[in-house]
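Per-entry structural report
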Amino acid sequence: MSWQDRAYRLLGLFEGSGTEEGDRTWQIMNHVIDDNNQDDYISRDFYNVQQTAGGLPDDVSFDSYLAAITGHVRDELQGSSFDESLGDDDLRTAGLTFDDNIRRHIRFLNGVVHQGAPGEVHVALWEKILDDRDNGRSIYSIYSNYLVDA
């Protein structure tokens, strides 16, 4: 089963879900099915995202750090968490993790950068998300109205 088959299955499970999280998961699947759209998002190693307030080690560039904490929906749909043998309830739960991870990072970074003296890595990650929200090809465009700065 391809990642596209799994994305289409999730689309069917979340279509008209009536919940905010389900609607965003449907939007994420609809977004990634279009190969012209980007599927990358900050998802991995939440602990290390939290711990970078003091900056990165001298031998780690921001780009290499970003690559280490970035996930790709299409690749993740190929993983065992989305195995074709999963029942609808388990697959639905797995599908919700995309939205949950994205919102968790947005909430965390939004909170940190609006405190006194935020770390430069947190600011850079937040600025990347803000820039990506304005890019219709980015998965973050789905979150353009989520935690909008006043």
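Here the structure is shown first, and the text comes after it.
Residues numbered from 1 in each chain as written. Predicted model: local features only at pLDDT ≥ 70, side-chain atom pairs only at ≥ 80, totals over all residues. Heavy atoms only, no water.

Another aspect to go through is unusual backbone geometry. Even without glycine at this site, alanine 117 takes up a positive phi of about 55 degrees. Residue position: alanine 117 is located in the loop between α6 (88-113) and α7 (120-133). Given a relative accessible area of 76%, alanine 117 falls into the exposed group. (Helix = DSSP H or I, 4+ residues; strand = E, 2+ residues; numbered from the N terminus. Buried < 20%, exposed > 50% of the residue type's maximum accessible area, 1.4 Å probe, protein only.)

A few words now on helix α4 (residues 62-69). Within the sequence span of α4, burial applies to Tyr65, Leu66 and Ile69. Angular distribution of buried residues about the axis of α4 spans 100 degrees; they occupy a single face of the element. Counted as exposed and oriented over 90 degrees from the buried face of α4: Asp63 and Ala67. Residues of α4 that are buried in the fold lie against β1 (40-42), α3 (46-50), β2 (70-72) and α7. (Arc of directions from axis to C-beta. Contact = heavy atoms within 4.5 Å.)

We now examine the packing of aromatic side chains. One pass over the structure, following the stated rule, counts four aromatic pairs. Measuring from centroid to centroid gives 6.1 Å for tyrosine 41 and phenylalanine 98, while their planes differ by 75 degrees, and the two rings are edge-to-face. Linking tyrosine 41 in strand β1 with phenylalanine 98 in helix α6, this pair joins segments that are 57 residues apart in sequence. With relative accessibility at 0%, the residue phenylalanine 98 sits in the buried group. (Phe/Tyr/Trp six-rings, centres within 6.5 Å; stacked < 30°, edge-to-face > 60°.)

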